[in-house]
Amino acid sequence: AVVSTQSGITAGNVEDFNGVGESEPNPYFYQNLGEAEYVVAVYMYMRLLGYKSEEITILTTYNGQKHLIRDVVKQRCGDNPVFGFPKTITTVDRYQGSQNNYILLSLVRTKTVGHLRDVRRLIVAMSRARLGLYVFARVGIFANCYELTPAFKQLLKNPTELHIYPEERCPTNRKTGELPPAAKVIKDMPEMSKFVYDFYYKVIEMLMKERKETEKQREAEETAAHRFQTPKEAKTIEAPIEEDPEKKKKNLEETLAQSFLAIDDFGTAEDRDDNDDSDDEDVVHPIRIIPSNLQDVRDEFQPFPHVKYEEEEETEEETKPTALVAKDEAEEGMIPEKRKKYR
């Protein structure tokens, strides 16, 4: 989905960005901003297609370019979980003995070949990828180097412009060697950066739409599941459960058909609700109606609200001075009797 090659190895020509190719802020500290932005844009595009970040490594031939690419990745992708960081951003020399599925290689130089003229370094750079290698370079300079001619002759069999297929995703269902009907051709870094910017928002909108559809489907499944819940299982479910009308009517008829027993007195305080001050003769016990077939659970069945009482102190008809009242209480050894009356 990145390049239109059967071998997965190709080179892309990168022209000067704002009239500047390679730069040298410090001696032997080479950088190329155009290539750095191009590499990061391709990395972001691959992440949007579904490539895993741990399967992508960015390599370069100079320490200056390594630090520049790290800065660009941190600025473009660092705070965005959609992109994240690639597995490694380092130099070719430090990556000896390691491999990854996809390698994005920046060769930096635009004036001279530099130390890549050493074939051993070129072999290391070209043999780090298992599935796909894309080289960002000034193709004309490296292809004219005698030591690099065999390698770039192989690379130049493929287009030097980036061919992408935005409609495909990773992994693809397309068979090896089978090309999609049409590919989008990217000519330079600014065009690729703009495309990735627009493509990012398009992918986000699509993901949000899929998320809403998934939530609606989940809600529909939960609603359908609630309709088949029993009343006991539905206690923990907020959604009401529709009861069968025929069953509801049958239960009502059975309830009305039950015979009731009127109970006036149970004889003992334990059988009465008002066991406080049960020795009082003036306490009025209301009639309680209890189903005759529920005698064993009569304490739990309470068709009427609890009886409310209010306390009153019994006073004598003739009002006595406070001192005489206290004297009488002391003599009789009792306090004014409390009575309850049914309200």
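Structure: above.
(A) Main features of the packing of aromatic side chains. The tally for this structure, following the rule as stated, stands at eleven aromatic pairs. Between Tyr45 and Phe195 the ring centres are 6.0 Å apart and the planes differ by 55 degrees, which places this aromatic pair in the tilted class. On the criterion of sequence distance, the pair formed by Tyr45 in helix 1 (residues 33–49) and Phe195 in helix 6 (residues 189–226) is long-range, its members being 150 residues apart. You'll find Tyr45 and Phe195 in the same group, each marked buried. Measuring from centroid to centroid gives 5.2 Å for Tyr200 and Tyr201, while their planes differ by 75 degrees, and the two rings are edge-to-face. Relative accessible area serves as the criterion here: at 43%, Tyr201 is assigned to the partly exposed category. Taken together, the ring pairs in this structure connect Phe83, Tyr197, Tyr200 and Tyr201 into an aromatic cluster. Directly above the ring of Tyr165 sits Arg174, whose terminal nitrogen or CZ lies 5.5 Å from the centroid.

(B) Summary view of the pattern of salt bridges. Overall, the coordinates contain ten salt bridges when judged by the stated rule. One salt bridge connects Asp93 with Arg121, and the closest N-O pair in it is separated by 3.0 Å. Placement of the pair is Asp93 in the loop between strand 5 (88–91) and strand 6 (100–106) and Arg121 in helix 3 (residues 119–126), with a sequence separation of 28 residues. The exposure class assigned to Asp93 is partly exposed, which follows from its relative accessible area of 38%. Take Arg121: its relative accessible area is 19%, and that puts it in the buried class. Glu215 is the partner of Arg211 in a salt bridge, and the nearest nitrogen-oxygen pair spans 3.6 Å. Of the two residues, Arg211 and Glu215 are both situated in helix 6; the distance of four residues between them amounts to about one turn of the helix. Since its relative accessible area comes to 35%, Glu215 is described here as partly exposed.

(C) Quick look at the sheet that holds strand 1 (residues 9–13). Judged by pairing direction, the sheet is parallel, and its five strands sit side by side in the order 1-7-6-4-5 without closing on themselves. Two strands lie at the open edges of the sheet, namely strand 1 and strand 5, each paired on one side alone. Between one strand axis and the next, the sheet turns through 20 degrees on average, direction left out of account. Bridge analysis of strand 6 against strand 7 (residues 129–137) gives six bridges, and the strand direction is parallel. Across the sheet, Ile103 pairs through a bridge with Leu133, a residue of strand 7. Where helix 2 (residues 63–77) meets the sheet, its contacts fall on strand 4 (56–60), strand 5 and strand 6, and the angle it forms with strand 5 comes to roughly 160 degrees.

Conventions used here
Chains are numbered independently. Their residues run from 1 in the order of the written sequence. In view of the model being predicted, local features appear only for residues whose pLDDT reaches at least 70, and side-chain atom pairs are presented and counted only at 80 or more, with totals across whole chains, interfaces and linings using the full set of residues. Each side-chain value is worked out from all heavy atoms of the structure, with water and hydrogens disregarded. Any two rings among Phe, Tyr and Trp, with Trp reduced to its six-membered ring, count as a pair given centres within 6.5 Å; such a pair is stacked if its planes are under 30 degrees apart, edge-to-face if over 60, and tilted if neither. For the purposes of this entry, the term helix denotes a DSSP run of H or I that reaches at least four residues, the term strand denotes a run of E that reaches at least two, and both are numbered from the N terminus. Buried means the residue's accessible area, taken with a 1.4 Å probe over protein chains only, is under 20% of the maximum for its type, while exposed means over 50%, and partly exposed covers the values in between. Comment: the charge-over-ring label is applied if NZ (Lys) or CZ (Arg) is within 6 Å of the ring centre and within 35 degrees of the ring normal. Every case where a carboxyl oxygen of Asp or Glu lies within 4 Å of a side-chain nitrogen of Lys or Arg is listed as a salt bridge. One requirement defines pairing of two strands: DSSP has to find at least two bridges between them. Each axis is a line fitted through C-alpha atoms, taken for helices only over the stretch in contact, and angles between the N-to-C directions span 0 to 180 degrees. By the convention used here, residues are in contact when the closest approach between their heavy atoms is within 4.5 Å.

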